[in-house]
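# Structural overview
In case you want the letters, here they are:
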There are 4 protein chains.
Amino acid sequence: MRRPVVGVMGGSKATVNVSNMAERLGALIARHGWVLLNGGRNRGVMAASARGAKKAGGTVIGILPDKTAAKASPDLDIAVLTGMGDGRNVINVLSSDVVIACPGGLGTLSEIALALKHDKRVILLGRDKVAPALERYRKRGRLTHADTPEDAVEQATAILATTGAQ
Amino acid sequence: MRRPVVGVMGGSKATVNVSNMAERLGALIARHGWVLLNGGRNRGVMAASARGAKKAGGTVIGILPDKTAAKASPDLDIAVLTGMGDGRNVINVLSSDVVIACPGGLGTLSEIALALKHDKRVILLGRDKVAPALERYRKRGRLTHADTPEDAVEQATAILATTGAQ
Amino acid sequence: MRRPVVGVMGGSKATVNVSNMAERLGALIARHGWVLLNGGRNRGVMAASARGAKKAGGTVIGILPDKTAAKASPDLDIAVLTGMGDGRNVINVLSSDVVIACPGGLGTLSEIALALKHDKRVILLGRDKVAPALERYRKRGRLTHADTPEDAVEQATAILATTGAQ
Amino acid sequence: MRRPVVGVMGGSKATVNVSNMAERLGALIARHGWVLLNGGRNRGVMAASARGAKKAGGTVIGILPDKTAAKASPDLDIAVLTGMGDGRNVINVLSSDVVIACPGGLGTLSEIALALKHDKRVILLGRDKVAPALERYRKRGRLTHADTPEDAVEQATAILATTGAQ
């Protein structure tokens, strides 16, 4: 039986605070026995969450936009090389049982939108605003907020219980 | 020399008002001699904008998520069949010299985000709100609003003049 | 009603003979009123077939592996920019009503295989050998040979008549 | 440091003999400590190789053409859901450090071609013929034959030693 896959999205640039948060999130995901999936590059939220999961003994899979692993985080267990640029964003969300979105920019926003479109639950971690277009998903409880990695992981636990992914 | 390509994004469901607006937009794009590019299906903003362009003698190219043309609008000149689902959204925006986003949902939001990420100018037509994540693009003038198709096309004319696509 | 789309595949490097053949093929496709679809780059069979079609007043659509048009043939009417590398090969064949494969290498071979897999008829132009894996398709008449562009286009006419694409 | 990833390609229909061979191959890959990557579906060579690797305690990653896991092999550790149909074939080969191709049809042929195009070494297991278009790769030693899974894995060991993937 497959272990749950938790997708961690977020910016390729991250402040120290966001990096620390992503690293802690990665560690918690690993300790729950979940697979951490992200965009795989050695930058920002991707690098930090992979590092946190790896240090905690977890499994990390990166779905890279590139066709080689030259820009891959050293903490990936598996590098899926797509060579498809942002065409791979939809793969990130389809392959995740639940998505946790850390602060990020346009790529992250596209992933939040695609995740909700494909009926994935999305947890916004450390993001205080919601796009007006997404407001209806917040009202339906498909899109939720978390203030801390602990809170996000607690929500993920509940979501995974209902989706049968755990 | 290639004619400018104007991408028209928007919901696969559309109110009568939005449909009428998209149809008028399509007609205006055709009259300017631009190619209209959209998601190609026979629904919502896609169907309406294609119909408008076609009636006005324009050229319409649809980038479909499907691997057959079964769901294609009858008004396409060319149906590009990707079989890639929403993986094709990035193709829509990369292939457009400028993007006009009509009201829509999550797919449209993902396209707006991807368009801005790839340095395309985006004109929001008949949409009154902007996602907080996009606010900075509005301030920089990368993302603008238009109230009418006429206004959108006027903005597109100016943008195409600067990008050298026209 | 959409015009038939004839996909022309072939090497990004081409001898003078192959180039001349591809250019003549492009011209014939244009004269039949079909849309010519190819990989869009300004090299080899792609460049030659586009040039031939364009000179003859035809319509050419290129499905590029790139995310910009920097390497596009100047003879394209529409450049579809995928940013997906060889992930776009499947788009080439799905979007073609019939495929004509000129001499080429591995990319072309992948397109022949994918075309047959998706039930497209494939005409091998100026290629004298058939892969053993494809032999069964030759026996069933799904894969045929043509010695000249004229022959290929005659076969395409018959195929398009049966597929209802014309 | 990432473990080597060995891609196993092959038909979605397989004879009993081929299935047994693929299962033994999967077991050997697992015992070498390599990750087995395949197309992920619960059929043919995909299902058999995954089963073999799983029984031997290995790690299996499936890159599915689908957008849900409904057709996934039960022996996958990770299901990468692309929703891209055969557009995902290029991902299979880009993500593999070496490719072992079991008997198969058109999809497998497309993967052999794409693998060689992207400079991956390909081992043909239990396939006696080589496409004429691929003959030059055989001569250069980029494409080799193996009669047994043991032979294939021995070759893979040597290849991985030179590519630095192990």
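First, a word on what this report is: a plain description of the structure on this page.

Conventions we followed
- Residues numbered from 1 in each chain as written.
- Chains lettered and ligands numbered in written order.
- Predicted model: local features only at pLDDT ≥ 70, side-chain atom pairs only at ≥ 80, totals over all residues.
- Heavy atoms only, no water.
- Least-squares fit on C-alpha atoms with pLDDT ≥ 70 in both.
- Contact = heavy atoms within 4.5 Å.
- Buried area = accessible area lost by both parts, 1.4 Å probe.
- Salt bridge = Lys/Arg side-chain N within 4 Å of Asp/Glu carboxyl O.
- Polar contact = N/O pair within 3.5 Å; in protein donor to acceptor, adjacent residues only side chain to side chain.
- Helix = DSSP H or I, 4+ residues; strand = E, 2+ residues; numbered from the N terminus.
- Nonpolar A, V, L, I, M, F, W, Y, C, P; charged D, E, K, R; others polar.
- Phe/Tyr/Trp six-rings, centres within 6.5 Å; stacked < 30°, edge-to-face > 60°.
- Lys NZ or Arg CZ within 6 Å of the ring centre and 35° of its normal.
- Buried < 20%, exposed > 50% of the residue type's maximum accessible area, 1.4 Å probe, protein only.
- Pairing = 2+ DSSP bridges.
- Axes fitted to C-alpha atoms, helices over the stretch in contact; angles between N-to-C directions.
- Expected span 1.5 Å × (residues − 1).

One chain copy maps onto the other through a rotation about an axis and a shift parallel to that axis. Least-squares fitting of chain A to chain D yields an RMSD of 0.0 Å, with the superposition described by an axial translation of 0.0 Å and a rotation of 180°. Taken together, the turn and the small shift mark the pair as related by a two-fold rotation axis. Residue V80 of chain A, judged by its C-alpha, is the member of chain A lying nearest the rotation axis, at 4.4 Å. A share of 100% of the interface residues of chain A reappears at the interface of chain D, consistent with the copies meeting face to face through the same patch.

Of the residues lining the interface, 27 residues belong to chain A; the matching set on chain D comes to 27 residues. Considering only the side of chain A, the residues that lose the most area to chain D are R2, I78 and L94 of chain A, jointly responsible for 31% of the buried surface there. The tally of links between chain A and chain D comes to 0 salt bridges. Across the chain A-chain D interface, the total number found is 2 residue pairs in polar contact (both at pLDDT 80 or more). Every element with two or more residues in the side of chain A that touches chain D is listed here: β3 (59-64), β4 (78-81) and α3 (89-94) of chain A.

Every contact between the two is made by 4 residues of chain B and, on the other side, 4 residues of chain D. Together, the buried faces of chain B and chain D total about 240 Å²; carbon and sulfur atoms form 62% of this surface. In this assembly, chain B and chain D are joined by 0 salt bridges. Counting every contact that joins chain B to chain D gives 0 residue pairs in polar contact (both at pLDDT 80 or more). When its residues are assigned to classes, the side of chain B that touches chain D shows 1 nonpolar, 3 polar and no charged.

Right, let's talk about the packing of aromatic side chains for a bit. The final tally for this structure, using the stated rule, is 0 aromatic pairs over all chains. When the ring centre of Y137 of chain B is taken as origin, the NZ or CZ atom of R140 of chain B, which lies over that ring, is 5.0 Å away.

Below, the discussion takes up the pattern of salt bridges. Inspection of every chain in the model, using the stated rule, returns 32 salt bridges over all chains. K117 of chain D is paired through a salt bridge with D86 of chain C; the nearest N and O atoms lie 2.9 Å apart. In this pair, K117 of chain D sits in helix α4 (residues 106-117) while D86 of chain C sits in the loop between β4 (78-81) and α3 (89-94), so the two residues belong to two different chains. Given a relative accessible area of 38%, K117 of chain D falls into the partly exposed group. The class of D86 of chain C is buried, set by a relative accessible area of 10%. Of the charged contacts, one joins R51 of chain D and E23 of chain D as a salt bridge, the two residues approaching to 3.2 Å between their closest N and O atoms. Of this pair, R51 of chain D sits in helix α2 (residues 44-55) while E23 of chain D sits in helix α1 (residues 16-31), and the two are 28 residues apart along the sequence. Look at the salt bridges and you will find they share partners, linking E23, R51 and K55 of chain A into a network.

All names here are of chain D. Taken in spatial order, the 7 strands line up as β4-β3-β2-β1-β5-β6-β7 in an open sheet, and their pairing is parallel. Looking at strand neighbours, the two that pair on one side only are β4 (78-81) and β7 (143-146), the edges of this open sheet. The sheet shows a mean angle of 25° between the axes of neighbouring strands, direction not considered. As judged from the 4 bridges shared by strand β1 (residues 5-9) and strand β5 (residues 98-101), these two strands associate in the parallel manner. Within the sheet, the bridge partner assigned to V6 lies in β5 and is V98. On the sheet, α4 packs against β1, β5, β6 (122-125) and β7 and is oriented at approximately 150° with respect to β6.

Quick look at the sheet that holds strand β7 (residues 143-146) of chain B now. Residues and elements named next belong to chain B. Ordered in space as β4-β3-β2-β1-β5-β6-β7, the 7 strands form an open sheet in which the pairing is parallel. Edge positions in the sheet fall to β4 (78-81) and β7, since each of these pairs with one other strand and no more. Strand-to-strand twist in this sheet, taken as the mean axis angle between neighbours without regard to direction, amounts to 25°. Here 4 bridges tie strand β6 (residues 122-125) to β7, and the two strands are oriented parallel to one another. Residue pairing for β7: V122 is matched across the bridge by L143. The strands touched by helix α2 (residues 44-55) are β1 (5-9), β2 (35-38) and β3 (59-64); relative to β2, the strand with the most contacts, the crossing angle is about 165°.

Right, let's get into the environment of T148 of chain B. Along the chain, the position of T148 of chain B falls in the loop between β7 and α6 (149-163). Expressed as a C-alpha distance, the spacing of T148 of chain B and I91 of chain B, which sit 57 residues apart in the sequence, is 26 Å.

Our focus in this paragraph is helix α1 (residues 16-31) of chain C. Every α-helix winds through 3.6 residues per turn, so residues three or four apart in the chain are directed the same way. Residues and elements named next belong to chain C. In a regular helix each residue adds 1.5 Å, so 16 residues correspond to 22 Å; α1 covers 23 Å between its end C-alpha atoms and thus fits that length. Looking only at α1, the buried set comprises V18, S19, M21, A22, E23, L25, G26, A27, L28, I29 and A30. Along its buried surface, α1 packs onto β1 (5-9), β2 (35-38), α2 (44-55), β5 (98-101), β6 (122-125) and α6 (149-163).

Moving on, we come to the environment of A156 of chain D. Residue and element names in this part refer to chain D. Structurally, the position occupied by A156 is in helix α6 (residues 149-163). Between the C-alpha atoms of A156 and D97, which are 59 residues apart in sequence, the distance is 9.2 Å. Discounting chain neighbours no more than four positions away, the residues touching A156 are W34, V98 and I123.

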